[in-house]
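Here are the chains, one letter per residue:
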Amino acid sequence: MGIRVYNTLTRRKEDFRPIEPGRVGIYVCGPTVWDYMHIGNARPIVFFDVVRRYLKYRGLDVKYVQNFTDVDDKIINRARGLGVDPMAMAEGYIKAYFEDAGALGVAPADVHPRASRHIEEIIAFIEDLIAKGYAYEVGGDVYFSAARDKAYGQLSGQSLEDLKAGARVEVDERKRAPEDFVLWKKQKPGEPAWPSPWGPGRPGWHIECSAMVRKHLGPTADIHGGGSDLVFPHHENEAAQSRAATGAPLANYWVHNAFLNIEGEKMSKSLGNFIVPREIMRSYRPEALRFFLLSAHYRSPLNFTEEQLKAADAALERLDNALANLKQWLVVSQREAMDDEERKLLGRLTAHRERFITAMDDDFNTADAISALFELTRDVHATLGPQASKELVKAVIDLYHELGDVLGLLRRDEQASLDDAVERLIAQRQEARRRRDWAESDRLRDELAAKGIILEDTPQGVRRKRK
RNA sequence: GGCGACAUAGCCAAGUGGUAAGGCGGAGGUCUGCAAAACCUUUACCCCCGGUUCGAAUCCGGGUGUCGCCUCCA
């Protein structure tokens, strides 16, 4: 059994076979940098980060590309409203993106191409399309003839006729057909622009991805991902362009995540119900948000509520506690080598790992994979204690880290060293406890709690953790 | 109107033919100076109606309901 991936194109789970054995090229549509990322944006960012981690974990050599759309109507309009330079504003939000993504445990992609830095490739791509008869220029704009592409509509499962029937598109007189879409936009006054064979202008939205995939991954990416709202028109159009230009499919596997809603409603600026991770992370650990985002399968809609975020935080804490317990046992244990009973658990560790892998192999079922971590946790607590052998405890800790790393959870940031004042309070409390002065002991514990330090008394000594 | 999802406990969520994983929350218990952590026990007529099958949460048909996309959108 290998990895299986649901392919939007075929609407089926398929065996995952990279073009080149052992190597995978992934392209994910990244943010249009016109504002801070909201938690809806965070879902694909976190999910595809896990896809990447998992494929690496399974021994594949992954090249992960995620673009920034930094030339776009929304950016230009916003910047104009604020009276700032659009490119500078985009730059600022790219910086903010890395802060937010980093906090969520998302590693930078191998390449983060930007539209503004691929103008040359984009122009070449458009020229190619014109030369092949798929695109036409009208007064400084260039359009793609959708009808020229026989497979147009394949990805979104809609025929050109269907699309026309439901069309709510404003008719643009310059287009030859309503379903045509723009590849190059003629400059309007005050807009950023680059010289081109058709005069100054800027790339349309869809073309950048086609050009970047070709440049960074070759004609065909193994996986092309993004939110399900991108299926049409964005990915449909990308696919059409690339087919036309290269004769090859843009991607073999199209992977789309479902939406994240807030309190049962779609998030949108007009409803005013969008939430930004940096706001959430003021009151919750970033890891709790990450856990929440992975707690449902990526193709299921996910409803964000504070209650669920709390539940995610509590669930994650259980895993954290398990790890903390293990680390403490490792310190206090007097025994190195495993006994026979422990060897049985060691065998079960393999089963737990396999359960995790089976879940992830099946179309990246993170929810099921997480449950494997909880089953591991229960097994460990039921079997081991402070008297466990160091050898086994180490093996268990390693497994937590191994599987946690795949999900980007259970990060091993060791406890920040506490300052002297805190250490003194802890020592004072220990002294009070020795005197059986419970009032003073509890007072000191409350005082520390107020500073965000939680103490737990265990038979092996006091343990501290940060709230 | 066209295309497509989804409906499993108080909440969330796996499970695609052999009579229901996991988490949060709740209840009871063990341990502990108290607390915490941990452990044990407990908490499901799988939206409705038909059909296929020895057997259906799972497949098929029909309802009902919720949602997404149909050229800004992760």
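Residues numbered from 1 in each chain as written. Chains lettered and ligands numbered in written order. Predicted model: local features only at pLDDT ≥ 70, side-chain atom pairs only at ≥ 80, totals over all residues. Heavy atoms only, no water.

All told, the structure shown has 16 aromatic pairs when counted by the stated rule. Residues F47 and Y298 carry aromatic rings whose centres are separated by 4.1 Å and whose planes lie at 20° to one another, so their mutual orientation is stacked. Within this pair, whereas F47 is found in helix α1 (residues 39-57), its partner Y298 is found in the loop between α9 (286-294) and β13 (302-304), the two being separated by 251 residues in sequence. Here the two residues F47 and Y298 agree in accessibility, since each one is buried. The interplanar angle of 10° and the centroid separation of 6.0 Å between the aromatic rings of Y134 and F144 together place this pair among those described as stacked. On the criterion of sequence distance, the pair formed by Y134 in the loop between α4 (119-131) and β5 (135-138) and F144 in strand β6 (residues 141-144) is long-range, its members being 10 residues apart. Residue classification places Y134 among the buried positions, given a relative accessible area of 18%. Judged by relative accessible area, F144 falls into the buried class, the value being 0%. The cationic tip of R148 hangs over the ring face of Y134; the distance from NZ or CZ to the ring centre is 4.5 Å. (Phe/Tyr/Trp six-rings, centres within 6.5 Å; stacked < 30°, edge-to-face > 60°. Helix = DSSP H or I, 4+ residues; strand = E, 2+ residues; numbered from the N terminus. Buried < 20%, exposed > 50% of the residue type's maximum accessible area, 1.4 Å probe, protein only. Lys NZ or Arg CZ within 6 Å of the ring centre and 35° of its normal.)

Moving on: the packing of helix α2 (residues 73-82) against helix α3 (residues 86-103). Each pair of packed helices can be summarised by the angle the axes make with each other and by the distance between the axes. Remark: α2 packs on α3, axes separated minimally by 9 Å, with the N-to-C direction vectors making an angle of 105°. Considering the angle they form, α2 stands roughly perpendicular to α3. Taking contact as the criterion, the partners of I75, I76, R78, A79 and L82 in α2 are, on α3, P86, M89, A90 and Y93. Across the contact of α2 with α3, the residue classes break down as eight nonpolar, no polar and one charged. (Axes fitted to C-alpha atoms, helices over the stretch in contact; angles between N-to-C directions. Parallel < 35°, antiparallel > 145°, perpendicular 65-115°, else oblique. Contact = heavy atoms within 4.5 Å. Nonpolar A, V, L, I, M, F, W, Y, C, P; charged D, E, K, R; others polar.)

It is worth spelling out the packing of helix α12 (residues 366-383) against helix α13 (residues 390-407) at this point. Remark: α12 packs on α13, axes separated minimally by 11 Å, with the N-to-C direction vectors making an angle of 165°. The angle between the axes of α12 and α13 places the two elements in the roughly antiparallel class. Like other packed secondary-structure pairs, α12 and α13 cross with a definite hand, here left-handed. Only V396, L399, Y400, L403 and L407 of α13 make contact with α12, whose side of the interface consists of T366, I370, L373, L376, T377 and V380. For the contact of α12 with α13, the residue count by class is nine nonpolar, two polar and no charged. (Left-handed = near helix turned anticlockwise from the far one by under 90°.)

Alignment of strand β3 (residues 23-28) against strand β4 (residues 61-66), held across six bridges, turns out to be parallel. Across the sheet, G25 pairs through a bridge with K63, a residue of β4. Regarding the hand of the β-α-β motif, the stretch spanning β3, α1 and β4 is right-handed. (Pairing = 2+ DSSP bridges. Right-handed = clockwise from strand over helix to strand, strands pointing away.)

Let us look at the domain arrangement of chain A. Interfaces are often described in size by the accessible area the parts lose on coming together. With domains assigned, chain A is organised as domain 1 (315-407) and domain 2 (420-466). If you average the C-alpha positions of domain 1 and of domain 2, the two centres end up 29 Å apart. For the pair domain 1 and domain 2, the two sides together bury roughly 520 Å², of which 37% comes from carbon and sulfur. Joining domain 1 to domain 2, the criterion identifies one salt bridge. Note that E317 and K465 form a salt bridge whose closest N and O atoms lie 3.3 Å from each other. Applying the counting criterion to the domain 1 and domain 2 interface returns five residue pairs in polar contact (both at pLDDT 80 or more). Partitioned by chemical class, the residues of the side of domain 1 that touches domain 2 number three nonpolar, three polar and one charged. (Domains from an automatic or database assignment. Buried area = accessible area lost by both parts, 1.4 Å probe. Salt bridge = Lys/Arg side-chain N within 4 Å of Asp/Glu carboxyl O. Polar contact = N/O pair within 3.5 Å; in protein donor to acceptor, adjacent residues only side chain to side chain.)

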